[in-house]
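# Notes for the structure review
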Amino acid sequence: AATAPAVTTPLPQGWEARRDPQGRTYYVDHNNRTTTWQRPQPLPQGWEQRIDPRGRVYYVDHNTRTTTWQRPTVESVRSYHNWQSQQQQNRSTQRQQFNQRYLMAPGAEGGGSPTPAAGAEGAAATSTSTPSPAPPPASSDSTTAPSTSPAAMGAAVVASVTEEPLPEGWEKRVTNGRSYYVNHLSRTTQWEDPRLQKCVDDRPLPDGWEIRSTGEGLRYYVDHNTQTTTFNDPRLPASYDTAGQPVRYQRSFRWKLAQFRNLCLANALPSHVKVSVSRNNLFEDSFTQIMRIQPYDLRRRLYIIFRGEEGLDYGGVAREWFFLLSHEMLNPMYCLFEYANNNNYSLQINAASMVNPEHLTYFKFVGRVIAMALYHGKFIDNGFTLPFYKRMLHKPCTLQDLESVDPEYYNSLVWIRDNDVADLGLELFFVADHDILGKVESHELKPGGTDIEVTDENKAEYINLMVDWRISRGIKDQTKAFLDGFNEVVPLQWLQYFDERELELMLCGMQEFDVDDWMRHSIYRGYTRNSKQVQWFWQVVKSIDNEKRARLLQFITGTCRLPIGGFAELVGSNGPQRFCIEKVGNEKMLPRSHTCFNRLDLPPYKTYEQLREKLMYAVEETEGFAQE
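Residues numbered from 1 in each chain as written. Predicted model: local features only at pLDDT ≥ 70, side-chain atom pairs only at ≥ 80, totals over all residues. Heavy atoms only, no water.

### Side note on the pairing of strand β1 (residues 15–19)
- In the sheet, β1 pairs with strand β2 (residues 25–29) via five bridges, with the strands oriented antiparallel. Along β2, the bridge assignment pairs E16 with V28.
- Between the end of β1 and the start of β2, which pair antiparallel, lie five residues, with G23 showing a positive phi angle near 85°. (Pairing = 2+ DSSP bridges. Helix = DSSP H or I, 4+ residues; strand = E, 2+ residues; numbered from the N terminus.)

### Points about the packing of helix α13 (residues 500–508) against helix α16 (residues 546–557)
- At a minimum axis separation of 11 Å, α13 and α16 run at an interaxial angle of 120°. One way to sum up the angle between α13 and α16 is to call them oblique. For the pair α13 and α16, the crossing hand works out as right-handed. Note on element contacts: α16 touches α13 through A550, R551, Q554 and F555, opposite R501, E502, E504 and L505.
- The residue makeup of the contact of α13 with α16, split by class, is three nonpolar, one polar and four charged. (Axes fitted to C-alpha atoms, helices over the stretch in contact; angles between N-to-C directions. Parallel < 35°, antiparallel > 145°, perpendicular 65-115°, else oblique. Left-handed = near helix turned anticlockwise from the far one by under 90°. Contact = heavy atoms within 4.5 Å. Nonpolar A, V, L, I, M, F, W, Y, C, P; charged D, E, K, R; others polar.)

### Some thoughts on the pairing of β2
- Both β2 and strand β3 (residues 34–36) contribute to a ladder of three bridges, which runs antiparallel. Each bridged residue has a counterpart across the sheet, and for V28 the counterpart in β3 is T35.
- The antiparallel hairpin formed by β2 and β3 contains four residues in its connecting segment, where R33 sits at a positive phi of about 60°.

### Remarks on helix α11 (residues 459–472)
- When the terminal C-alpha atoms of α11 are compared, their 20 Å separation across 14 residues agrees well with the 20 Å that a helix rising 1.5 Å per residue should span.
- For α11, the set of buried residues is K459, Y462, I463, M466, V467, W469, R470, I471 and S472.
- Structurally, α11 contributes buried residues whose contacts are with α8 (386–392), α9 (399–403), α10 (407–418), β17 (431–436), β18 (439–444) and α12 (476–489).
- Positive phi shows up at G474, right after α11, with a value of about 70°. (Expected span 1.5 Å × (residues − 1). Buried < 20%, exposed > 50% of the residue type's maximum accessible area, 1.4 Å probe, protein only.)

### Here's the deal with the environment of S271
- As for its placement among the helices and strands, S271 is situated in the loop between α4 (253–266) and β13 (272–277).
- According to the relative accessible area criterion, S271 is partly exposed, its value standing at 42%.

### A look at a nonpolar patch on the surface
- Together, Y339, Y345 and V571 make up an exposed nonpolar region whose accessible area comes to about 270 Å².
- Structurally, Y339 is set in strand β15 (residues 337–341). (Patch = residues over 30% accessible without salt bridge, like charges linked within 9 Å, V, L, I, M, F, W, Y side chains within 5 Å. Areas by Shrake-Rupley, 256 points an atom, 1.4 Å probe, with all protein chains shown as cover. Salt bridge = Lys/Arg side-chain N within 4 Å of Asp/Glu carboxyl O.)

### A look at the environment of N586
- For N586, the location among the structural elements is in the loop between β22 (579–583) and β23 (592–594).
- Sequence spacing of N586 and Y605 is 19 residues, and the spatial spacing of their C-alpha atoms is 7.4 Å.
- Setting aside residues up to four positions removed in sequence, N586 forms contacts with P603 and P604.
- A polar atom in the side chain of N586 sits 3.0 Å from the backbone nitrogen of K588. (Polar contact = N/O pair within 3.5 Å; in protein donor to acceptor, adjacent residues only side chain to side chain.)

### Considerations on α12
- With 14 residues, α12 extends 21 Å from end C-alpha to end C-alpha; this agrees with the ideal 20 Å at 1.5 Å per step.
- Contacts from the buried residues of α12 go to β16 (344–349), α7 (359–375) and α8.

### Quick notes on the packing of α4 against α13
- Taken N-terminus to C-terminus, the directions of α4 and α13 make an angle of 60°; their axes are 12 Å apart at the nearest point. Between α4 and α13, the interaxial angle falls into the category oblique. Crossing of α4 against α13: the hand is right-handed. Of the residues in α13, those in contact with F253, K256, L257 and F260 of α4 are E502, L505 and M506.

### Concerning the sheet that holds β22
- Within the open sheet, the four strands sit side by side as β19-β22-β24-β23. Their pairing is mixed. Among the strands making up the open sheet, the edge pair consists of β19 (522–525) and β23. Taken over all neighbouring pairs, the strand axes of this sheet differ in orientation by 20° on average, direction set aside.
- Taken together, the four bridges between β22 and strand β24 (residues 599–602) define a ladder with parallel strand orientation. Paired with K583 across the two strands is L602, which belongs to β24.

Structure representation (structure tokens):
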């Protein structure tokens, strides 16, 4: 019989081969005083074994100038390099998708107030070269000369003004058939024609109005007719129509966004604020400088500098800074934020953040940065849970909001809601326990809750209190610090018109959705691919614009963002979970969604028009995720 060739590779220093009484070979590591059945392999190329002053063995990687206590092997080093390569590839894909996000597609803005796509900037994303500015950032970035085209001027006045030459230092450019304007003096770009700005600034205020400034130099407007004040310039078109009457509230996202941008324009400050950071210490550098700057100065145009890199910031470098910084400060490894659950990668505040004694200051810093992103029309890398956005808007959370955050807790409360608790002997009281870092704390849901038993008569109150406690447990101080930092830069009342889904769109932007990819990676229950209701559903998806597709995706999955791999990599509460359409109910019901399972319950409607009307109503009008 053939015998295996003898192993001739010498053992590493400090190792010895021995045999046990059964004749089996094992290996003794005299360095660490351990044994193993696996024959030790030599160190990979570039590695060295050393001993510290306490006699402990450690390993030096001269390739990367790092050390580790774990003995490396050729296989482990290869696996790490493969993982690192995959991470770099994923980061590159994330950055590419990030740079393609936008709020309004070019040419889509209307209603008299420009809302250019924040993700459509053509400036270079990094500062390693001097970019040629392309389509500009959101209009709030160009705080040196805030402006808009007043609708009340009339077409004849606008035409006569635009025949004049551009002001000194300005240049008109065209990209993808759309005109924009470059201010070489302040190194900014904008959609608005600067020749129209003077018309806006020179227009007299309406009768009874006056301009004043706060102690911080912020401009506001006094209406002596109604004895009220506002930050909104009454001359801007989104405030008054051509007849001088206030414009009525509208439900469209475009209108709300225009209102917000006008508030930013009305409170813009001149000049710019410099932020100089190192890529190797981005988080701490940004924290130190942002917290040192006065909050109102963060409304000035941002001028971001990456040390050691030459470049001009026409908006692209600022976008890169927001991408990298948001990726770092929202990293769960810093213990400030955590993923909602194992299969929901939206972020929420970590109740254990107090392990960092300065955590409240860091949350205030995060609040400032998030407000800056909204104010300057930039996006962040990752988003928060919808209950977190509701907290920002001071809206109460519902039982349905809990489903995407804690499915098990949600199912428990639903079971209590749907069953008779009196006959089960559960002995529930208005008190909840919370285990944080091994310490169990009890919390009364209402005064005297320890002695109040849950009954069928009061269980609705119990469920509402439990939902509010579960979503906010252990994070009230952190949430307050975040909102304080946010409110210093952008007053929270500026967000009053938005709902939580629209706020996510503003922060994270939209991306183009591949409807064909969506259809390929969908499954059906009770229906088939050829069912007329399914065909009608996809007809609706193809007929609506990208904004409504994003809202539809939010309604069904809980977020407007897709994984790197698209619809094929959607994740639910049980792991990978494809988009599903299930036949449920009757034609009198509205469609319902289950965000934990990426499932849409679609009743068997009789006509295409009925399906479209019910679906759009459910997406735009209902509160929560499972409305009938």
